[in-house]
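Chain residues, written in single-letter form:
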Amino acid sequence: MNALDTLSYTNRLRHLPPWQKLLFGAGSLLLALGSHPPVQLAIAGWLSFWTVHYAGVPAHLYRRVLLGIMAFLATSLPVLILNLADHLPADAVWGIPLANWQLYLSHRGLAQASEIFCRSLASTACLLFIAFTIPLIELSLLFARLGCPAILVELLLLAYRFIFLLTDTVQRLLLAQTARGGYRTRQLTLKSASLLIRGLLQRTVERYQQLTLGVRARGFNHQFRFWQPQLYRYSQRHMTEILAGWLGLLTGELLTRIYG
Amino acid sequence: MVERPDILLEFDAVDYSYPLSEMPAIQNLSLQLTAGQKTALIGQNGCGKSTLFLLADGLCRANRGVIKSRGLPLRHDRVALNQWRQRVGLVFQDPEQQLVAPTVAADVSYGLCNLELPEAEIAQRVEQVLHQFGLSELAMRPLHQLSLGQKKRVSLAGVMALRPELLLLDEPTAYLDPIQTRQFLAALTQIEAEGTTLLIATHDLDFVYRWADWLLVMDQGRLLLEGTPEQVFSRPDLLELGLGLPLLKQIWDSLPADLRQGQSPPRTLEQLRLAIRP
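In this text the structure is predicted, and so the values were computed from the model without any measurement.

## Comments concerning the overall build of chain B
Next, step 1: A tally of helices and strands in chain B yields 11 helices and 10 strands.
Next, step 2: Against the globule reference of 19 Å for 278 residues, chain B gives a C-alpha radius of gyration of 20 Å, in line with a compact fold.
Next, step 3: When burial is assessed residue by residue, chain B has 42% of its 278 residues classed as buried.
Next, step 4: A sequence separation of at least 24 residues applies to 67% of the contacts in chain B between residues at least 6 apart.

The structure is reproduced here in structure tokens:
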């Protein structure tokens with residue numbers, strides 16, 4: 001979470017306006033949802049190239065995050081690939097008998113699984129591009145400009161601030177417990193974890209009370225409103241590349257539909 | 001009673017107890033802060049320093065007594081409180097307590113947005129304050145990526161953007177390393193030079209001794225004594241209050257009487273050097 005947040009502020013595409021990056025990520029996502037697997041694989045490769053090469057996100061970190069998400073998605077694939085029936089159907093690729101049943105892989109199942117896998121891969125690459133290159137704050141302010149209700153944006157911003165306060169509190173408590181051997185045995189681990197949760201709740205309430213005083217001291221009037229400087233530079237070169245890429249992908253999709 | 005417009009903060013026989021607490025946090029407290037006077041508030045933990053600040057900023061309501069600024073009493077309606085807090089700024093000991101926005105610039109703008117100022121003025125004031133406190137480079141940084149010293153400066157900048165005439169600082173150098181302390185104190189010197197009056201609550205007696213024009217000593221919610229640092233630190237009963245003496249004062253007191261004769265105690269190392277030079 002921290003690495004992702006830090007990179008969203010320090011990546012090499014930081015100077016591009018958030019709307020340009022969101023347009024690219026969201027537009028490619030839409031394309032990925034409506035295209036065929038070869039085009040989806042091309043989208044995944046293209047977006048990954050932008051994230052790693054243009055934005056400068058370390059390749060090993062990007063690979064780890066992408067593989068982590070894909071591994072999670074892959075756990076749902078066996079349900080799609082493997083089928084159980086009382087007889088082996090005609091489109092079965094492979095099968096083994098299980099008592100009176102047949103466990104088999106079908107052509108249809110494999111095609112469906114590869115389609116879902118490619119779509120997930122492309123969508124994940126698009127979302128990771130957005131996550132790695134646009135800080136959440138800028139994203140939420142962009143949503144506000146696009147007409148998202150102010151209360152939702154405020155909640156998002158406050159939740160974002162609190163996530164880090166909460167992680168900080170957890171880390172401090174964890175450190176204090178570990179330093180005093182709180183996690184030496186399984187029994188102690190359980191006990192320490194329960195103390196951690198209790199302590200976390202208590203400190204969160206304390207923090208809430210302190211923050212309430214803090215915002216009142218700064219003239220809180222039942223609305224969280226901020227101003228942010230706009231320090232972005234629109235890039236025509238990047239925009240041309242995006243449009244040319246989309247055009248290429250659309251052509252590819254058209255050709256796949258005609259000849260595929 | 002004669003109203004004095006140069007009195008930026010006045011407590012007149014103020015009492016305050018926290019809800020459900022039997023012990024009063026502030027008892028019959030009366031004090032006056034004059035514009036332009038560097039005042040420090042000292043006392044042991046739990047003596048009421050932070051409560052005094054909460055009362056002075058209208059965050060707690062006195063059970064008895066009156067709090068005034070330039071002769072005008074503090075009223076607890078929303079409009080009056082907003083006006084009051086624009087004049088009297090409060091910087092908490094823990095910066096996390098008052099940093100609410102996701103980024104540095106957004107946080108500095110928070111108080112200004114609450115005043116519903118025009119966007120152009122907010123932008124101008126934020127940029128000015130960021131520059132003044134050396135935070136321009138960090139404008140778009142999220143707050144959780146800052147060091148404690150930087151967070152302290154952001155919290156100070158957020159209050160100073162409102163241009164208060166009186167600034168209350170609760171333990172401003174607590175937990176800071178020497179470099180961060182120096183940077184923070186340099187920022188305070190600048191604030192003071194620009195005409196904002198400072199009231200600092202602290203345990204750092206060495207700092208108080210060289211910095212303050214006037215000292216307030218609190219104990220158990222009461223104002224025990226006040227005076228110049230020389231007057232306060234010459235009191236024999238100070239040790240009983242658990243306060244001790246500043247290092248310079250201890251060194252001065254330990255020097256032979258003939259060396260000290262006819263000279264007022266030095267408040268800085270430089271003054272000490274000059275005083276004992278043969």
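That was the structure; now back to the text.
## Some words on the overall build of chain A
Next, step 1: Each helix and strand in chain A was counted, giving 10 helices and 3 strands.
Next, step 2: Each helix and strand of chain A, placed in order from N terminus to C terminus, yields the pattern α-α-α-α-α-β-β-β-α-α-α-α-α.
Next, step 3: For chain A, the C-alpha radius of gyration of 24 Å lies well beyond 18 Å, the compact-globule estimate for 260 residues.
Next, step 4: For chain A, the proportion of contacts with a sequence separation of at least 24, taken over those separated by at least 6, is 68%.

## Notes on the environment of A:Val79
Next, step 1: For A:Val79, the location among the structural elements is in helix α5 (residues 77–81).
Next, step 2: Between the alpha carbons of A:Val79 and A:Ala131 there is a distance of 30 Å; along the sequence they are 52 residues apart.

## Brief notes about the domain arrangement of chain A
Next, step 1: As assigned here, chain A comprises domain 1 (1–134 + 235–260) and domain 2 (136–228).
Next, step 2: Placing a centre on the C-alpha atoms of domain 1 of chain A and another on those of domain 2 of chain A gives a separation of 33 Å.

## Comments concerning the interface of chain A and chain B
It is common to report an interface's size as the accessible area lost on association of the parts.
Next, step 1: Facing the 27 residues of chain A at the interface are 32 residues of chain B.
Next, step 2: Where the side of chain A that touches chain B is concerned, the elements lending two or more residues are α1 (2–10), α8 (150–179) and α9 (186–217) of chain A.
Next, step 3: Classifying every residue of the side of chain A that touches chain B gives 16 nonpolar, 6 polar and 5 charged.

## Remarks on the sheet that holds strand β3 (residues 39–42) of chain B
Residue and element names in this part refer to chain B.
Next, step 1: An order of β6-β7-β8-β3-β9-β10 is seen for the 6 strands of this open sheet, with the pairing classed as mixed. At either margin of the open sheet sits one strand with a lone partner, and together these are β6 (88–91) and β10 (222–227). Direction aside, the axes of adjacent strands within the sheet are offset by 20 degrees on average.
Next, step 2: Bridge analysis of strand β7 (residues 166–170) against strand β8 (residues 197–201) gives 5 bridges, and the strand direction is parallel. Pairing of Leu167 across the sheet is with Leu198, part of β8.

## A word on the UniProt feature "transmembrane region" (unreviewed entry) in chain A
Residue and element names in this part refer to chain A.
Next, step 1: Mapped onto this structure's residue numbering, the UniProt feature "transmembrane region" (unreviewed entry) falls at residues 65–85, 116–137 and 143–163.
Next, step 2: With 71% helix and 19% strand, residues 65–85 has end C-alpha atoms that lie 37 Å from one another.
Next, step 3: Annotated as 91% helix and 0% strand, the span residues 116–137 places its first and last C-alpha atoms 31 Å apart.

## A closer look at the sheet that holds strand β2 (residues 92–98) of chain A
Residues and elements named next belong to chain A.
Next, step 1: Taken together, the 3 strands give an open sheet; going across it, the order is β1-β3-β2, and neighbouring strands pair in antiparallel fashion. Each of the sheet's edge strands pairs with one partner strand only, and the pair in question is β1 (82–85) and β2. In this sheet, adjacent strand axes meet at a mean angle of 25 degrees when their direction is disregarded.
Next, step 2: Where β2 and strand β3 (residues 101–106) come together, 6 bridges link them in antiparallel fashion. Across the sheet, Pro97 pairs through a bridge with Gln102, a residue of β3.
Next, step 3: On the sheet, helix α6 (residues 107–133) packs against β1, β2 and β3 and is oriented at approximately 50 degrees with respect to β3.

## Regarding the UniProt feature "domain: ABC transporter" (unreviewed entry) in chain B
Next, step 1: Sites flagged by UniProt as "domain: ABC transporter" (unreviewed entry) map to residues 9–245 of chain B.
Next, step 2: End C-alpha to end C-alpha, residues 9–245 of chain B measures 28 Å, and it is 35% helix and 23% strand.

## Quick word on the domain arrangement of chain B
Residue and element names in this part refer to chain B.
Next, step 1: The domains assigned to chain B are domain 1 (7–245) and domain 2 (246–278).
Next, step 2: Centre-to-centre separation of domain 1 and domain 2, based on C-alpha positions: 32 Å.
Next, step 3: Of the residues lining the interface, 8 residues belong to domain 1; the matching set on domain 2 comes to 9 residues.
Next, step 4: When contributions to the side of domain 1 that touches domain 2 are tallied by element, the ones reaching two or more residues are α7 (205–211) and α8 (229–232).
Next, step 5: Tallying contributions element by element places α7 first for the side of domain 1 that touches domain 2, with 4 residues.
Next, step 6: In the side of domain 1 that touches domain 2, the residues fall into 5 nonpolar, no polar and 3 charged.

## Section: the packing of helix α2 (residues 18–33) of chain A against helix α3 (residues 37–54) of chain A
Residue and element names in this part refer to chain A.
Next, step 1: Running from N to C, α2 and α3 point in directions that differ by 160 degrees, and their axes come no closer than 9 Å. The orientation of α2 relative to α3 falls into the category roughly antiparallel. Between α2 and α3 lies a crossing of left-handed hand. Of the residues in α3, those in contact with Ser28, Leu31 and Ala32 of α2 are Gln40, Ile43 and Leu47.
Next, step 2: Residue classes in the contact of α2 with α3 are distributed as 4 nonpolar, 2 polar and no charged.

Cut-off values and rules
- Residues numbered from 1 in each chain as written.
- Chains lettered and ligands numbered in written order.
- Predicted model: local features only at pLDDT ≥ 70, side-chain atom pairs only at ≥ 80, totals over all residues.
- Helix = DSSP H or I, 4+ residues; strand = E, 2+ residues; numbered from the N terminus.
- Rg over C-alpha atoms; globule rule 2.2 N^0.38 Å.
- Buried ≥ 20, exposed ≤ 12 C-beta atoms within 10 Å, placed from the backbone.
- Contact = placed C-beta atoms within 7 Å.
- Domains from an automatic or database assignment.
- Nonpolar A, V, L, I, M, F, W, Y, C, P; charged D, E, K, R; others polar.
- Pairing = 2+ DSSP bridges.
- Axes fitted to C-alpha atoms, helices over the stretch in contact; angles between N-to-C directions.
- UniProt positions renumbered as here; feature names shortened; annotations may be inferred.
- Parallel < 35°, antiparallel > 145°, perpendicular 65-115°, else oblique.
- Left-handed = near helix turned anticlockwise from the far one by under 90°.

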